[in-house]
Amino acid sequence: MKGMKDRWEERTQAPLLVLAVAFGVAYAVPIVAPGAAPWVHRLCTHVEWAVWAVFAVDYLVRFVLAPARWAFVRSHPLDLLAVLLPLVQPLRLLRVVSTLLLVGRRARMAPQITLTTYVAGAVVGLMMFGSLAVLHVERDAPDGNIKTLGDAVWWSFTTMTTVGYGDHAPTTGLGRVLAVGLMLSGIALLGVVTANIAAWFISRFERDDAAERRQTELLETLTREVRELRAEVSRLSAPAPVTAPVTVTDPVTVTVSVPDGTPAPDVPAPTAPRA
């Protein structure tokens, strides 16, 4: 039977993912459209804080509903860090990082999300938020060369794949911190993708080997049955042995005595037919 914590996680899974999408839009709009009206920037900031607050409340509710609360805290250190970071230093980038951590944690809990879907979503999410973050940091830098969204996306792609052409690179300290995080995340995700592909090939080969073994066993069984059938047919089709009849040449007389001692007449014994 499922506990209250499991039921809470199932019921809040879809709404939290929708809020994560809203957070992404609220984070992207001021960066992509820096000349938007001031109320748009304020609205996006409020949405970011509201989404983070909802995820923080979700963590607190799961903490309260957990059967072993301290075990829950020890098993979810990144969730706790994501909740506390914006309170310690309310920077916009920290809100992004903390919300991404919380979204990723809840996405891993969803039973309908497979490993391939999770990895693909993580790659797209990291590339999108990495591009927006580095563009936000580097666009106004005096020596920066990442000035447009296209430059930022290209830099994120080459950084995550550890190619690094060098045509675009961050020049600020925060931009380089973002680059290090994106590199490490890209290496980890590429490792997961490589392991997933290798596991797929191995499972495919194992299925092929199992099918070949089943076919071999069937062939051996059929061969054994055919051999037994041939032996039975050979036994049944063999000719029966011929028995020579018994020939009696002279009649045999049988004498029977009666109780009073008078001999009974002789009775000739049956004569076997001549061959």
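Since we're looking at a predicted model, the values are computed, not measured.

> Would you mind going over helix α8 (residues 173–237) with me for this structure?
Helical geometry note: an α-helix holds 3.6 residues per turn, so side chains three or four residues apart project in the same direction. Taking 1.5 Å of rise per residue, 65 residues should cover 96 Å, and α8 covers 96 Å from first to last C-alpha, within 8% of that figure. Among the residues making up α8, those that are buried are Gly175, Leu178, Ala179, Leu182, Gly186 and Leu189. Between a side-chain oxygen at the N-terminus of α8 and the backbone nitrogen of glycine 175 the separation is 3.1 Å; the capping residue is threonine 172.

> I keep staring at a negative patch on the surface and nothing clicks. Help me out?
The grouping of Glu206, Asp208, Asp209 and Glu212 at the surface amounts to a negative patch. For aspartate 209, the location among the structural elements is in helix α8.

> Sorry, what's going on with the packing of helix α7 (residues 149–160) against α8 here?
Between two packed helices, both the angle of their axes relative to each other and the distance between the axes serve to describe the pair. Running from amino to carboxyl end, α7 crosses α8 at an angle of 50°, the nearest separation of the two axes being 8 Å. It follows that α7 is oblique to α8 by the angle criterion. Contact residues: α7 offers Trp155, Ser156, Thr159 and Met160, while α8 offers Leu178, Ala179, Leu182, Met183, Gly186, Ile187, Leu189 and Leu190. Its residues assigned to classes, the contact of α7 with α8 comprises 9 nonpolar, 3 polar and no charged.

> Help me out: how do you make sense of a nonpolar patch on the surface in this one?
A surface patch of nonpolar side chains, amounting to about 490 Å² of accessible area, comprises Val193, Ile197, Trp200, Phe201 and Phe205. Looking at the element boundaries, tryptophan 200 is found in helix α8. The partly exposed category is assigned to tryptophan 200, whose relative accessible area is 45%.

> Which parts of the structure should I look at to understand the packing of helix α1 (residues 4–32) against helix α2 (residues 38–65)?
Direction vectors running N to C along α1 and α2 enclose 160°, while the axes themselves pass 9 Å from each other. In terms of orientation, α1 and α2 fall into the roughly antiparallel class. In this structure, the crossing between α1 and α2 has a hand that is left-handed. Residue composition of the contact of α1 with α2, by class: 19 nonpolar, 2 polar and 5 charged.

Rules of the game
Residues numbered from 1 in each chain as written. Predicted model: local features only at pLDDT ≥ 70, side-chain atom pairs only at ≥ 80, totals over all residues. Heavy atoms only, no water. Helix = DSSP H or I, 4+ residues; strand = E, 2+ residues; numbered from the N terminus. Expected span 1.5 Å × (residues − 1). Buried < 20%, exposed > 50% of the residue type's maximum accessible area, 1.4 Å probe, protein only. Polar contact = N/O pair within 3.5 Å; in protein donor to acceptor, adjacent residues only side chain to side chain. Patch = residues over 30% accessible without salt bridge, like charges linked within 9 Å, V, L, I, M, F, W, Y side chains within 5 Å. Areas by Shrake-Rupley, 256 points an atom, 1.4 Å probe, with all protein chains shown as cover. Salt bridge = Lys/Arg side-chain N within 4 Å of Asp/Glu carboxyl O. Lys, Arg positive; Asp, Glu negative; His and termini not counted. Charge placed at Lys NZ, Arg CZ, Asp CG, Glu CD. Axes fitted to C-alpha atoms, helices over the stretch in contact; angles between N-to-C directions. Parallel < 35°, antiparallel > 145°, perpendicular 65-115°, else oblique. Contact = heavy atoms within 4.5 Å. Nonpolar A, V, L, I, M, F, W, Y, C, P; charged D, E, K, R; others polar. Left-handed = near helix turned anticlockwise from the far one by under 90°.

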